Protein chains: 2
Amino acid sequence: MQDRIHTADAEPGDDATVAGWVHEIRDLGGIAFLILRDSSGKIQIKFEKDEMDEELVETGLSVSRESVVKVSGAVEEEPRAPTGVEVTPEELEVVAPAEPELPLDPSGKVDAELSTRLDNRTLDLRKDEVQAVFEIRAEILRAVREQFRAFDCTEINTPKIVATGTEGGTELFPITYFGEEAFMNQSPQLFKQLIAGSNVERVFEIGPIFRAEEHNTPRHLNEATSIDFEGAFCDQNDAMDVVEGVVTAAYEAIVENCQDELEALGLAAEFEVPDEAFPRLSYEEAIERINATGELDEQLVWGDDLPTEGEKALGDDVGGHYFITDWPSEIKPFYIKDHDDDEQLSTGFDLMHPRMELVSGGQREHRHEKLIEGFEQQGLDPEQFEYYTKMFKYGMPPHAGFGLGGERLVMTILGLDNIREAVLFPRDRQRLSP
Amino acid sequence: MQDRIHTADAEPGDDATVAGWVHEIRDLGGIAFLILRDSSGKIQIKFEKDEMDEELVETGLSVSRESVVKVSGAVEEEPRAPTGVEVTPEELEVVAPAEPELPLDPSGKVDAELSTRLDNRTLDLRKDEVQAVFEIRAEILRAVREQFRAFDCTEINTPKIVATGTEGGTELFPITYFGEEAFMNQSPQLFKQLIAGSNVERVFEIGPIFRAEEHNTPRHLNEATSIDFEGAFCDQNDAMDVVEGVVTAAYEAIVENCQDELEALGLAAEFEVPDEAFPRLSYEEAIERINATGELDEQLVWGDDLPTEGEKALGDDVGGHYFITDWPSEIKPFYIKDHDDDEQLSTGFDLMHPRMELVSGGQREHRHEKLIEGFEQQGLDPEQFEYYTKMFKYGMPPHAGFGLGGERLVMTILGLDNIREAVLFPRDRQRLSP
């Protein structure tokens, strides 16, 4: 459709061809209006019944909502029209008729359950506020990549079909791979480390991860997007600087490039870029502050993992993003390095949003012997990971990194209630299609 | 390592700390040199044995190749050094010693088989020319995304775990998904169409695809990167314009931003951006030209798929990228639309590089009834795809798109012999690890 222009580009005085969906028809008797919608916005098509070809009027006003039509005609100024212009059609073609009964109403006048929306994403995405989420999601990914490049990182792609999981504990989806047992990768962890140990030094990857966890909550997915960083000659503080940079860059890019989308979401007035470095609390400080809130029935003691209510209490207390650093070694995975002067204390960190955990990271164990010990302590067979561990014998520099949940980032930035709203086609225990 | 600078940033007159891998040690008797390598290049560390701390000299000259060392000292001009500067060490620390026997020689003095290289990617990527491939790969992805955005496309991510394959014919990897049968997606085809049918209109995705084909050739992978486009209100000619734009953008970005990498690959002198629109030959013209070359034992007739030798003969004849358009409908998948005036002729197209096929695309069938017919003709049960077909009942605009093989793009741009050279950790029938 080389001759078609976007409705937003239709200027008074033009003869234009526009095409899009029938958003609404308003028949006022002698005059009627068809509101045509496309990716750029909406435009009014005017039908003056007595002055126009009868068949054209009949076709234009009997077409069902959400049908695709193509209209050619003169564009004129009309202050009463929603966008200040209207088209008087000379030609009108119904390109793709819609059935009159829609499973979901894209005009948004009728509310729909999330599951109905997900079953009918094509229709759902014809709503401005839903389209806005995914336009912003795309902008977040763009901004994050740009920021990683500003940090001198190279984009990588690591395999999603793997022979062994990254961590023994988390559940894996098994695959049959030419008769062999294989799995869908739950994290690019081991692979990104292997690349950070080469001349490339600093890498990032944005790609799918797969977790067969039985969680079924508003903040878990079984297929998610992981934003990963790994950098040679970095420690956990460097990695936290990178986290701060990419998260802030995402907020900044939205302010700069997505005002229309924020408007559609009703967020334009309140949206704020985090304006300070995220506080870095040690795990010890974190449990003290949680205990001090009095929100928990039982006081936390050193070594406890933080319960969700504890995270919530601390989030309310801090009031913005914050890091928790220096976790007890025993509750962090084997590949996280301990502090040199205290083996009970790891260099692992989490980035928390008041609503949930966003990032897990740390400096990695780069010493071959210690790494093998770590596997054994975690009850994993180091032999199975030899493809990974052997590279630690040939000059593996100290390195650090993190994994940032892509959907959680979108969800917290936009204040979405359910993580499924941040994915086009979510995968969970109940949902495998579409 | 906040105090560490890249070797490329060490300026005469500085006191600097550099860290990296021991590339080489040259002991000339009274004087010796250690060449230190990092992501930015190499630098010479000078040891004047009689004038320096004995232990420092001993440590610096006995360290094995590929160990990681950290060196602090004065940077001085030295015209005879490889980069014109050298460091006289005041401190030297072996951060991560390497075993003396390396499974692969990163200096490149000893050739290695591809399988040895892939088993030891960390060491392999310490070679300039290997690192260059992956720096260029990253730049290609960056440039392609930027070009898609210039074409008004929104980045999307579609699921990799799916209930049904895109096409019946191609083999799928089965997964067990919470007790249900599922598959790893072989193409985002159906999902990207569902989004193009919404207000988003134009989408792109760069992500993994999985094909359980038993091919084991230098140009097939079982896990690959697909660069996908889909646009509402586009026909096959619009889609070909987009292909041309993104492929050309990739070449241009390399010229602009990757001269060092082209040098490392020995391609700087000969590298050329395609300077003209890619010729668009009809299938009919293509078989005529192939027959005219006399390279095939048997003449091709209408309806034949093009054999590899035929593609090769035509590629030599044309001498650059070219499209083949207007394929017989029966050898294109169900979702490709036929020409309105000839049902035997499809709107499908391929983009060919003289060495291989890069892209498959076309205008899509957007009419619900025709789509259902297509499923049946292809021996697929439309019921199984209802999640997809039902959206075609609610105003699915005409649309077109393509899938471009990411690794094939890298391979043809850089003239690599084997597609496995374009992937960090390739997956094929024999290779599941690392």
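Residues numbered from 1 in each chain as written. Chains lettered and ligands numbered in written order. Predicted model: local features only at pLDDT ≥ 70, side-chain atom pairs only at ≥ 80, totals over all residues. Heavy atoms only, no water.

- The name recorded for chain A in an unreviewed UniProt entry is Aspartate--tRNA(Asp/Asn) ligase, from Natronorubrum sediminis.
- Looking at chain A in UniProt, the text filed under Catalytic activity (unreviewed entry) is "tRNA(Asx) + L-aspartate + ATP = L-aspartyl-tRNA(Asx) + AMP + diphosphate".
- For the record of chain A, the UniProt heading Subunit (unreviewed entry) holds the text "Homodimer." (UniProt positions renumbered as here; feature names shortened; annotations may be inferred.)

1. Observations regarding the interface of chain B and chain A
Phase 1 of the analysis: Of the residues lining the interface, 96 residues belong to chain B; the matching set on chain A comes to 97 residues.
Phase 2 of the analysis: Of all residues in chain B, Phe178, Asn199 and Tyr394 of chain B bury the most surface against chain A, accounting for 10% of the area lost on that side.
Phase 3 of the analysis: In this assembly, chain B and chain A are joined by four salt bridges.
Phase 4 of the analysis: The shortest N-O distance in the salt bridge between Glu155 of chain A and Arg145 of chain B comes to 2.6 Å.
Phase 5 of the analysis: Our enumeration of links across chain B and chain A arrives at 40 residue pairs in polar contact (both at pLDDT 80 or more).
Phase 6 of the analysis: Per-element accounting of the side of chain B that touches chain A gives the leading share, 10 residues, to helix α4 (residues 128–150) of chain B.
Phase 7 of the analysis: Residue composition of the side of chain B that touches chain A, by class: 45 nonpolar, 19 polar and 32 charged. (Contact = heavy atoms within 4.5 Å. Buried area = accessible area lost by both parts, 1.4 Å probe. Salt bridge = Lys/Arg side-chain N within 4 Å of Asp/Glu carboxyl O. Polar contact = N/O pair within 3.5 Å; in protein donor to acceptor, adjacent residues only side chain to side chain. Helix = DSSP H or I, 4+ residues; strand = E, 2+ residues; numbered from the N terminus. Nonpolar A, V, L, I, M, F, W, Y, C, P; charged D, E, K, R; others polar.)

2. Let's talk about the UniProt feature "binding site: Mg(2+) 2" (unreviewed entry) in chain A
Residue and element names in this part refer to chain A.
Phase 1 of the analysis: The residues that UniProt annotates with the feature "binding site: Mg(2+) 2" (unreviewed entry) are Glu357 and Ser360.
Phase 2 of the analysis: Within the secondary structure, Glu357 is located in strand β17 (residues 356–363).
Phase 3 of the analysis: Sequence-distant contacts of Glu357, defined by excluding residues within four places in its chain, comprise Glu311, Asp350, Leu351, Met352 and Arg408.
Phase 4 of the analysis: The residue Ser360 is located in strand β17 in this model.
Phase 5 of the analysis: Beyond its immediate chain neighbours, meaning those up to four positions away, Ser360 contacts Lys332, Phe349, Asp350, Phe402 and Gly403.

3. Details of the sheet that holds strand β10 (residues 202–210) of chain A
The strands that make up a sheet are held in pairs by hydrogen bonds between backbone atoms, and each pair lies either parallel or antiparallel.
Residue and element names in this part refer to chain A.
Phase 1 of the analysis: On the basis of which strands lie adjacent, the open sheet formed by eight strands has the order β6-β10-β11-β18-β17-β16-β13-β12 and mixed pairing. Of all strands in the sheet, those with a lone pairing partner are β6 (154–155) and β12 (280–282), marking the two edges.
Phase 2 of the analysis: With five bridges connecting them, β17 and strand β18 (residues 399–405) associate as antiparallel partners. Bridging from a neighbouring strand, Gly361 pairs with Phe402 of β18.
Phase 3 of the analysis: Set on the sheet, helix α6 (residues 236–257) makes contact with β11 (223–232), β12, β13 (322–325), β16 (349–353), β17 and β18; between it and β18 the angle comes to about 30 degrees. (Pairing = 2+ DSSP bridges. Axes fitted to C-alpha atoms, helices over the stretch in contact; angles between N-to-C directions.)

4. Considerations on the UniProt feature "site: Important for tRNA non-discrimination" (unreviewed entry) in chain A
All names here are of chain A.
Phase 1 of the analysis: Per the UniProt record, the feature "site: Important for tRNA non-discrimination" (unreviewed entry) sits at Pro82.
Phase 2 of the analysis: Tracing the chain through its elements places Pro82 in the loop between β4 (68–77) and β5 (85–96).
Phase 3 of the analysis: What makes Pro82 exposed here is its relative accessible area of 57%.
Phase 4 of the analysis: When neighbours within four sequence positions are excluded, Pro82 is seen to be in contact with Ile35 and Gln44. (Buried < 20%, exposed > 50% of the residue type's maximum accessible area, 1.4 Å probe, protein only.)

5. Looking at the relation of the copies chain B and chain A
Phase 1 of the analysis: Take chain B, turn it by 180 degrees, move it 0.0 Å along the axis, and it overlays chain A with an RMSD of 0.0 Å. Both chain copies can therefore be described as sitting about a two-fold axis. When each C-alpha of chain B is compared by its distance to the rotation axis, Ile175 of chain B comes out closest, at 2.4 Å.
Phase 2 of the analysis: A share of 100% of interface residues in chain B that are also interface residues in chain A marks the association as one of identical surfaces. (Least-squares fit on C-alpha atoms with pLDDT ≥ 70 in both.)

6. Considering the pattern of salt bridges
Residue and element names in this part refer to chain A.
Phase 1 of the analysis: Summed over all chains, the structure comprises 69 salt bridges over all chains.
Phase 2 of the analysis: Its salt-bridge partner being Arg280, residue Glu244 comes within 3.6 Å of it at the nearest N-O pair. Separated by 36 residues along the polypeptide, Glu244 in helix α6 and Arg280 in strand β12 bring together distant segments of the chain.
Phase 3 of the analysis: One salt-bridge network, held together by shared partners, links Arg117, Arg121, Asp124 and Lys127.

7. Describing the nonpolar core
Phase 1 of the analysis: Counting residues in each nonpolar core, the largest one holds 77 residues, and the members touching the most others are Tyr388 of chain A together with Phe148 and Phe402 of chain B.
Phase 2 of the analysis: With nine residues, the single largest contributor to this core is helix α6 (residues 236–257) of chain B.
Phase 3 of the analysis: If near-sequence neighbours (up to four positions away) are discounted, Tyr388 of chain A is found in contact with Leu190, Gln193, Leu194, Phe334, Tyr335, Leu371 and Phe375 of chain A.
Phase 4 of the analysis: Ranked by size, the runner-up nonpolar core spans 76 residues in total, among them Ala400 and Val410 of chain A together with Phe191 and Met391 of chain B. (Core = buried A, V, L, I, M, F, W, Y, C linked by side-chain atoms within 4.5 Å.)

8. Structural notes on the packing of aromatic side chains
Phase 1 of the analysis: Taken as a whole and assessed by the stated rule, the structure comprises 40 aromatic pairs over all chains.
Phase 2 of the analysis: With centroids separated by 6.3 Å and ring planes inclined at 25 degrees, the aromatic side chains of Phe148 of chain A and Phe402 of chain A adopt a geometry described as stacked. Of this pair, Phe148 of chain A sits in helix α4 (residues 128–150) while Phe402 of chain A sits in strand β18, placing them 254 residues apart in sequence.
Phase 3 of the analysis: On the accessibility criterion, Phe148 of chain A (0% relative accessible area) is buried.
Phase 4 of the analysis: Centroid distance Tyr283 of chain A to Trp302 of chain A: 5.0 Å. Interplanar angle 80 degrees. Geometry classified as edge-to-face. With a gap of 19 residues between them, Tyr283 of chain A in helix α8 (residues 283–293) and Trp302 of chain A in the loop between α8 and α9 (308–318) connect regions that are remote in the sequence.
Phase 5 of the analysis: Taking the relative accessible area as the measure of exposure, Tyr283 of chain A reaches 0% and is therefore buried.
Phase 6 of the analysis: Accessibility expressed as a relative area gives 42% for Trp302 of chain A, which makes it partly exposed.
Phase 7 of the analysis: An aromatic cluster is defined as three or more aromatic residues linked by ring pairs; in this entry it consists of Phe334, Tyr335, Phe375, Phe385, Tyr388 and Phe392 of chain A.
Phase 8 of the analysis: Of note, Arg429 of chain B hangs over the ring of Phe178 of chain A, and the distance from its end group to the ring centre comes to 4.8 Å. (Phe/Tyr/Trp six-rings, centres within 6.5 Å; stacked < 30°, edge-to-face > 60°. Lys NZ or Arg CZ within 6 Å of the ring centre and 35° of its normal.)

9. A word on a negative patch on the surface
Residue and element names in this part refer to chain B.
Phase 1 of the analysis: Together, Asp9, Glu11, Asp14, Asp15, Glu90, Glu91 and Glu93 make up a region of like negative charge exposed at the surface.
Phase 2 of the analysis: Ranked by residue count, the leading element in the negative patch is strand β5 (residues 85–96), at three residues.
Phase 3 of the analysis: Its location among the elements puts Asp14 in the segment before β1 (15–27).
Phase 4 of the analysis: Exposure remark for Asp14: the relative accessible area of 30% places this residue in the partly exposed category. (Patch = residues over 30% accessible without salt bridge, like charges linked within 9 Å, V, L, I, M, F, W, Y side chains within 5 Å. Areas by Shrake-Rupley, 256 points an atom, 1.4 Å probe, with all protein chains shown as cover. Lys, Arg positive; Asp, Glu negative; His and termini not counted. Charge placed at Lys NZ, Arg CZ, Asp CG, Glu CD.)

10. Focus: the sheet that holds β5 of chain B
Residue and element names in this part refer to chain B.
Phase 1 of the analysis: Taken in spatial order, the five strands line up as β1-β2-β3-β5-β4 and close into a barrel, and their pairing is mixed. Averaged over all neighbouring strand pairs, the angle between strand axes comes to 50 degrees, with direction disregarded.
Phase 2 of the analysis: Both strand β2 (residues 31–38) and strand β3 (residues 41–48) contribute to a ladder of eight bridges, which runs antiparallel. Looking across to β3, one finds that Leu36 is bridged to Ile43.
Phase 3 of the analysis: Contacts from helix α1 (residues 54–62) reach β1, β2, β3 and β5, with the element oriented near 75 degrees to β5.

11. Details of helix α8 (residues 283–293) of chain B
What sets the pattern is the α-helix's 3.6 residues per turn: residues three or four places apart point alike.
Residues and elements named next belong to chain B.
Phase 1 of the analysis: Considered for burial, the residues of α8 that qualify are Tyr283, Ala286, Ile287, Ile290 and Asn291. Around the axis of α8, the buried residues are gathered within 130 degrees of arc, so they sit on the same side. Turned more than 90 degrees away from the buried face of α8, the exposed residues are Glu288 and Ala292.
Phase 2 of the analysis: Where α8 is buried, its residues contact β12 (280–282), α9 (308–318) and β13 (322–325).
Phase 3 of the analysis: Gly294 lies just past α8 and shows a positive phi near 70 degrees. (Arc of directions from axis to C-beta.)

12. Regarding the confidence of the model for chain A
Predicted coordinates in regions of low pLDDT should not be interpreted in detail.
Phase 1 of the analysis: Residues with a pLDDT of 70 or more make up 98% of chain A, whose mean pLDDT is 95.
Phase 2 of the analysis: Interface confidence in the predicted complex, given as ipTM, is 0.97; pTM for the same model is 0.97. (pLDDT = per-residue confidence, 0-100.)

13. Section: the packing of α4 of chain A against α6 of chain A
The description of two helices packed together rests on the angle between their axes and the distance between the axes.
All names here are of chain A.
Phase 1 of the analysis: Across the interface, α4 lies against α6 with an axial gap of 8 Å and an inter-helix angle of 135 degrees. By the angle between their directions, the pair α4 and α6 is classed as oblique. Once α4 is placed against α6, the crossing between them reads as right-handed. Side by side, α4 and α6 meet where Ile136, Glu139, Ile140, Arg142, Ala143, Val144, Gln147 and Phe148 of the first sit next to Val242, Gly245, Val246, Ala249, Ala250, Ala253, Ile254 and Asn257 of the second.
Phase 2 of the analysis: Tallied by class, the residues present in the contact of α4 with α6 amount to 11 nonpolar, three polar and two charged. (Parallel < 35°, antiparallel > 145°, perpendicular 65-115°, else oblique. Left-handed = near helix turned anticlockwise from the far one by under 90°.)

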